[in-house]
Amino acid sequence: VEPDFNLEAAQLLVGRPDQKQAIVPLGPQGGELVALPPVDLAVTGIMAMELVDLEITGASLRSDVLVNFDQVAPGELALTIEFDATSRKGGNWSLFPDNFALVDPAGTARSIDGSQLHNLPGSEEGALTPNHYVRFIVDEPPTGEYLLRFTPGGAFVGEDGVTEASLTFSIN
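Since this is a predicted model, take the numbers as computed values, not measurements.

Thresholds applied
Residues numbered from 1 in each chain as written. Predicted model: local features only at pLDDT ≥ 70, side-chain atom pairs only at ≥ 80, totals over all residues. Heavy atoms only, no water. Helix = DSSP H or I, 4+ residues; strand = E, 2+ residues; numbered from the N terminus. Polar contact = N/O pair within 3.5 Å; in protein donor to acceptor, adjacent residues only side chain to side chain. Contact = heavy atoms within 4.5 Å. Buried < 20%, exposed > 50% of the residue type's maximum accessible area, 1.4 Å probe, protein only. Pairing = 2+ DSSP bridges.

Draft legend 1. The arrangement of the side chain of Ser-63 in detail. Following the sequence through the fold, Ser-63 ends up in the loop between β5 (52-62) and β6 (64-65). A polar side-chain atom of Ser-63 sits 3.4 Å from a polar atom in the side chain of Lys-20. When neighbours within four sequence positions are excluded, Ser-63 is seen to be in contact with Lys-20, Leu-36, Gln-71, Val-72 and Leu-77.

Listed below in structure tokens is the structure:
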């Protein structure tokens, strides 16, 4: 510690300059606390097609990406949308990252940043596969209306010919 160190005005800075940084004041003159806690969102709904349903079970906004042990850039947040999938198509099928897109409040379609997409065993009665997620990077503040699009290609297009399912949700 340098001789002129002032604990009353000191702060602990966590994170690299190219990432979001948490700031913990160590004394009363150390500035404002920037904690960056994750925020759970009340996002639910079903994206239904003839042969597959995706039931949104929750979502969260974070400054970190736990699976990568990383942080997002300043001015951004990681939006993770969790869902369960029910396949009504016999066999073993897959979901792919390019099946998903997020349209933000400005109308910009955002590609997926990360995902956990399990294989989908199916049956005509419907087979549930839980605990999938897709992650997108969104601008801060994230307020506004979003559109999550699911376009699985030919694998889950039924006799009705529907090629896409979507869900609209708002972040306040």
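Moving on from the model shown.
Draft legend 2. The pairing of strand β10 (residues 100-103), seen in detail. Burial of β10 is two-sided: the residues Phe-100 and Leu-102 facing one way and the residues Ala-101 and Val-103 facing the other way are all buried. In the sheet, β10 pairs with strand β15 (residues 144-150) via 4 bridges, with the strands oriented antiparallel. Bridged to Leu-102 within β15 is Leu-148. Relative to strand β11 (residues 109-110), β10 runs antiparallel, the two being bridged by 2 bridges. In the sheet register, Val-103 faces β11, and the bridge partner there is Ala-109. In textbook terms, the turn of a hairpin is the stretch between consecutive antiparallel strands, and for β10 and β11 this stretch comprises 5 residues, one of which, Gly-107, has a positive phi near 90°.

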